[in-house]
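# Fold and geometry: a report
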Amino acid sequence: MVDSQSTPARQRPSIVSISSYLLFLFLALQVISLIITLSTFGKTRDALREAYAGSTTDGDQVADVFVVIGIGSSILLLLLAVVLGVLALFNNQGRNGARITTWIVGGIMVCCVGGGLLSNAAGGFNTGGGTGGDGPSPEEIQRRLEEALPSWVTPVSLLLGVLSLIALITALVLLALPKANPFFRKPAAGWEPPTPGASYPGHPQAPGQPGYPQASGEPGYPSTGEPSYPPPPAANRPDDTPPTDRPGSTPPSTS
């Protein structure tokens, strides 16, 4: 069995890319909302103090509680939006676990953002001051807040909330479409038959084993073309007759 080494990379569907862009947009909108909350919390606290100035309720305590709740909610939403932004990066890589986590975190965020929009539509800050005691009514608190805050804060906050909710719901729906399922499905290990005519490297010979002898009749390797050296001179044998013109003692005379 040969694993295919040339398996093409999975192509990310456009709906997955659009879903990630919408999650990034949701993160940017939460950053803007937090900036608006931090820039107006001073005026919000002053307006609440003035609303409770003529009552037995501690206006400073009520103002601090509402400001802390507002800022804490914005920071929590921003942290969850950052988590969604990180999950969007993993969604672009086809991680199915990231897609499931996106649905869970995104569902929580839909409830939070939708609840905030309903609260603002119902009258914003609701302290229950008109239910008992001498505290101000919710309508009085809302009026003082609208007078203290810039006129653009309320419509801009509502617009950011609506856009955030639409972007988040659309991103979650796009991830759930059937067209995105193959991209998040784990690819199975493929098998590809060997290509006809393809050569595969053989197994290396184990060390210490003798090689195969050359078959008889096979031609040897051709000569390298280097010049051959002359053979060394033959040594004189005992029965060789020395030459007569060699200097030295003359042989004895036979006469």
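Residues numbered from 1 in each chain as written. Predicted model: local features only at pLDDT ≥ 70, side-chain atom pairs only at ≥ 80, totals over all residues. Heavy atoms only, no water.

## Side note on the nonpolar core
If you look at the biggest cluster of nonpolar residues, it comprises 25 residues, and the most contacted ones within it are Val16, Leu23, Phe26, Leu84, Met109, Leu168 and Phe184. Looking at this core, the elements that each hand over two or more residues are α1 (14-51), α2 (59-91), α3 (96-121), α5 (153-176) and α6 (181-184). With 7 residues, the top contributor of residues to this core is α5. Among residues more than four places away in sequence, those in contact with Leu168 are Leu23, Phe26, Leu84, Gly106, Met109 and Val110. With 8 residues, the next largest nonpolar core counts Ala47, Leu48, Ala63 and Leu145 among its residues. (Core = buried A, V, L, I, M, F, W, Y, C linked by side-chain atoms within 4.5 Å. Buried < 20%, exposed > 50% of the residue type's maximum accessible area, 1.4 Å probe, protein only. Helix = DSSP H or I, 4+ residues; strand = E, 2+ residues; numbered from the N terminus. Contact = heavy atoms within 4.5 Å.)

## Quick word on the packing of α1 against α5
Any two packed helices are characterised by how steeply their axes cross, that is the angle between the axes, and by the distance between the axes. At a minimum axis separation of 8 Å, α1 and α5 run at an interaxial angle of 155 degrees. Between α1 and α5, the angle falls in the class roughly antiparallel. As α1 runs across α5, the sense of the crossing is left-handed. Across the contact of α1 with α5, the residue classes tally to 18 nonpolar, 7 polar and no charged. (Axes fitted to C-alpha atoms, helices over the stretch in contact; angles between N-to-C directions. Parallel < 35°, antiparallel > 145°, perpendicular 65-115°, else oblique. Left-handed = near helix turned anticlockwise from the far one by under 90°. Nonpolar A, V, L, I, M, F, W, Y, C, P; charged D, E, K, R; others polar.)

## A few points about α1
End to end, α1 covers 52 Å across 38 residues, agreeing with the expected 56 Å (1.5 Å per residue, within 8%). The largest bend along α1 measures about 50 degrees and falls at Thr40. (Expected span 1.5 Å × (residues − 1). Bend = angle between axes of the 7 residues up to and from the residue.)

## Details of the packing of α3 against α5
Across the interface, α3 lies against α5 with an axial gap of 9 Å and an inter-helix angle of 155 degrees. Between α3 and α5, the interaxial angle falls into the category roughly antiparallel. α3 and α5 meet at a crossing whose hand is left-handed. Contacts between α3 and α5 involve Arg99, Thr102, Trp103, Gly106, Gly107, Met109, Val110, Val113, Gly114, Leu117 and Asn120 on the former and, on the latter, Leu158, Gly161, Val162, Ser164, Leu165, Leu168, Ile169, Leu172, Leu175 and Ala176. Grouping the constituent residues of the contact of α3 with α5 by class yields 13 nonpolar, 7 polar and 1 charged.

## Observations regarding the pattern of salt bridges
A full pass over the atoms with the stated rule returns 6 salt bridges. Taking the shortest distance from any N to any O, the salt bridge between Arg144 and Glu140 comes out at 3.0 Å. Here Glu140 and Arg144 lie together in helix α4 (residues 138-148), a separation of 4 residues that amounts to about one turn. What makes Glu140 partly exposed here is its relative accessible area of 23%. (Salt bridge = Lys/Arg side-chain N within 4 Å of Asp/Glu carboxyl O.)

## What about α3?
Here α3 spans 37 Å end to end across 26 residues, near enough to the 38 Å set by a 1.5 Å rise per residue. Buried within α3 are the following residues: Ala98, Arg99, Thr102, Val105, Gly106, Met109, Val113, Gly114 and Leu117.

## Overview of the side chain of Asn91
Examined against the element boundaries, Asn91 turns out to sit in helix α2. Of note is the side chain of Asn91, whose polar atom sits 3.1 Å from the backbone nitrogen of Arg99. Look past the residues within four positions of Asn91 in its chain and what remains in contact with it is Val16, Ser20, Leu23, Ala98, Arg99, Thr102, Leu175, Phe183 and Phe184. (Polar contact = N/O pair within 3.5 Å; in protein donor to acceptor, adjacent residues only side chain to side chain.)

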